[in-house]
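A structural walkthrough
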Amino acid sequence: EDSPNLPLKALHPLLEDGTEGGDDSQQVIDRQQRVAFIGISNWALDPAKMNRGVMVTRGDPDEDELKLSARGICSNRVDDPVKERLDPYFRPLAAAYKNICEEQDRRKRAFFGLRDFYSLIKMLYW
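Within every chain, residues take consecutive numbers counted from 1 along the sequence as written. Whole-chain, interface and lining totals are the exception, using all residues; otherwise, since this is a predicted model, local features are given only for residues with pLDDT of at least 70 and side-chain atom pairs are given and counted only at 80 or more. As a convention, hydrogens and water are excluded, and side-chain values are obtained from all of the structure's heavy atoms.

**Overview of the packing of helix H4 (residues 81–107) against helix H5 (residues 114–125)**
Angle between the axes and distance between the axes are the two parameters that describe a pair of packed helices. Convention followed: Lines fitted to C-alpha atoms define the axes, with helix axes restricted to the stretch in contact, and inter-axis angles between N-to-C directions lie between 0 and 180 degrees. A run of H or I in DSSP counts as a helix once it spans at least four residues, and a run of E counts as a strand once it spans at least two, with each numbered from the N terminus. Under this scheme an angle from 65 to 115 degrees is roughly perpendicular, one under 35 degrees roughly parallel, and one over 145 degrees roughly antiparallel; angles in between are oblique. Crossings are assigned a handedness: left-handed for a near helix turned anticlockwise from the far helix by less than a right angle, right-handed for a clockwise turn. Residues are treated as being in contact if the distance between any of their heavy atoms lies within 4.5 Å. Side-chain classes are defined by residue name, with Ala, Val, Leu, Ile, Met, Phe, Trp, Tyr, Cys and Pro counting as nonpolar, Asp, Glu, Lys and Arg as charged, and the others, Gly among them, as polar.
Interhelical geometry of H4 versus H5 gives an angle of 155° and a closest axis separation of 11 Å. What the angle tells us is that H4 and H5 run roughly antiparallel. Considering only the axes of H4 and H5, their crossing is right-handed. In this structure, H4 contributes Val 82, Lys 83, Leu 86, Phe 90, Leu 93, Ala 94 and Tyr 97 to the contact, and H5 contributes Leu 114, Phe 117, Leu 120, Ile 121, Leu 124 and Tyr 125. Broken down by class, the residue content of the contact of H4 with H5 amounts to twelve nonpolar, no polar and one charged.

**Digging into the environment of Ala 110**
As for its position among the elements, Ala 110 is in the loop between H4 and H5. Between the C-alpha atoms of Ala 110 and Ile 100, which are ten residues apart in sequence, the distance is 9.4 Å.

**Notes on the environment of Ala 94**
Mapped onto the elements, Ala 94 comes out in helix H4. Measuring from C-alpha to C-alpha, the distance between Ala 94 and Glu 63 comes to 5.3 Å, with 31 residues separating the pair along the chain. If we ignore the near neighbours within four places in the chain, the residues touching Ala 94 are Glu 63, Leu 66 and Phe 117.

**A few points about unusual backbone geometry**
Even without being glycine, Lys 108 reaches a positive phi, approximately 60°. In this fold, Lys 108 is placed in the loop between H4 and H5.

**Focus: a nonpolar patch on the surface**
This is how the line gets drawn: Only residues above 30% relative accessible area that lack a salt bridge enter a patch, with like-charged residues linked at up to 9 Å and the nonpolar side chains Val, Leu, Ile, Met, Phe, Trp and Tyr linked at up to 5 Å. Accessible areas in this description were obtained via Shrake-Rupley with a 1.4 Å probe; residue shielding takes into account the shown protein chains only. By salt bridge we mean one thing: a side-chain nitrogen of Lys or Arg within 4 Å of a carboxyl oxygen of Asp or Glu. Burial here depends on accessible area, computed with a 1.4 Å probe over protein chains only, as a share of the maximum for the residue type. Under 20% is buried, over 50% is exposed, and the range in between is partly exposed.
A cluster of nonpolar side chains, namely Ile 100, Phe 111 and Phe 112, defines an oily patch on the protein surface of about 330 Å² accessible area. Tracing the backbone through its elements, the reader meets Phe 111 in the loop between H4 and H5. Its relative accessible area of 62% is what places Phe 111 among the exposed residues.

**Focus on the confidence of the model for the protein**
Any segment with low pLDDT has predicted coordinates that should not be analysed in fine detail. To keep it simple, the criterion reads: The pLDDT score gives, residue by residue, the confidence of the prediction method on a 0 to 100 scale.
Of all residues in the protein, 62% attain a pLDDT of 70 or more, and the chain-wide mean is 78. Looking over the protein, one finds the lowest element-wise mean pLDDT in helix H1 (residues 12–15), namely 63, and the highest in H4, namely 92. A low-confidence stretch, residues 17–22 stays under pLDDT 50, and its non-local contacts, those more than four residues away or across chains, total 13 contacts.

**Things to note about the side chain of Gln 104**
Applied cut-off: Throughout this description, a polar contact denotes any pair of N or O atoms lying within 3.5 Å of each other; where both atoms belong to protein, one of them has to be capable of donating a hydrogen while the other can accept it, and for residues adjacent in sequence the pair is counted only when both atoms sit in side chains.
Among the secondary structure elements, Gln 104 is positioned in helix H4. Within polar-contact distance, the side chain of Gln 104 engages the backbone nitrogen of Phe 112 at 2.6 Å. Apart from the residues lying within four places of it in its own chain, the contact partners of Gln 104 are Arg 109, Ala 110, Phe 111 and Phe 112.

**What to know about the nonpolar core**
Going by this rule: Grouping buried Ala, Val, Leu, Ile, Met, Phe, Trp, Tyr and Cys residues that are joined through side-chain atoms within 4.5 Å yields what is termed a nonpolar core.
Leu 66, Ala 70, Cys 74, Leu 86, Phe 90, Ala 94, Tyr 97, Cys 101, Phe 117, Ile 121 and Tyr 125 form the largest nonpolar core, which has eleven residues in total. Residue assignment for this core shows that the elements contributing at least two residues are helix H3 (63–74), H4 and H5. Counting residues per element, this core draws most heavily on H4, which supplies five residues. Sequence-distant contacts of Cys 74, that is, excluding residues within four places in its chain, are made with Asp 80, Lys 83, Leu 86, Phe 90, Ile 121 and Tyr 125.

Structural data, given as structure tokens:
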């Protein structure tokens, strides 16, 4: 990634197909000991890491996607009385969340994210 501290630099030997490290220890990992890796970063990946896997990115959800997510967080049951009672509030909550995000973007100070929206929905449901 483009972080000035290069925190993923230590993972290079583990991400290599041959699994032989390029550092002084010449670390070798047996095929049985290899593990899958999922990395989450707020930084853009550099080309050396992008060619070692698949990069999945997702844009910001719109209000309809937020409403669907809220309904899914609550329950998969069709006849859930709590979800039915909360359903009229999902669209206004999604709109309020989008307004907060737009204001954060305008001020260039991101504090609230999707985890906060999801936590709010969980708190209301449970």
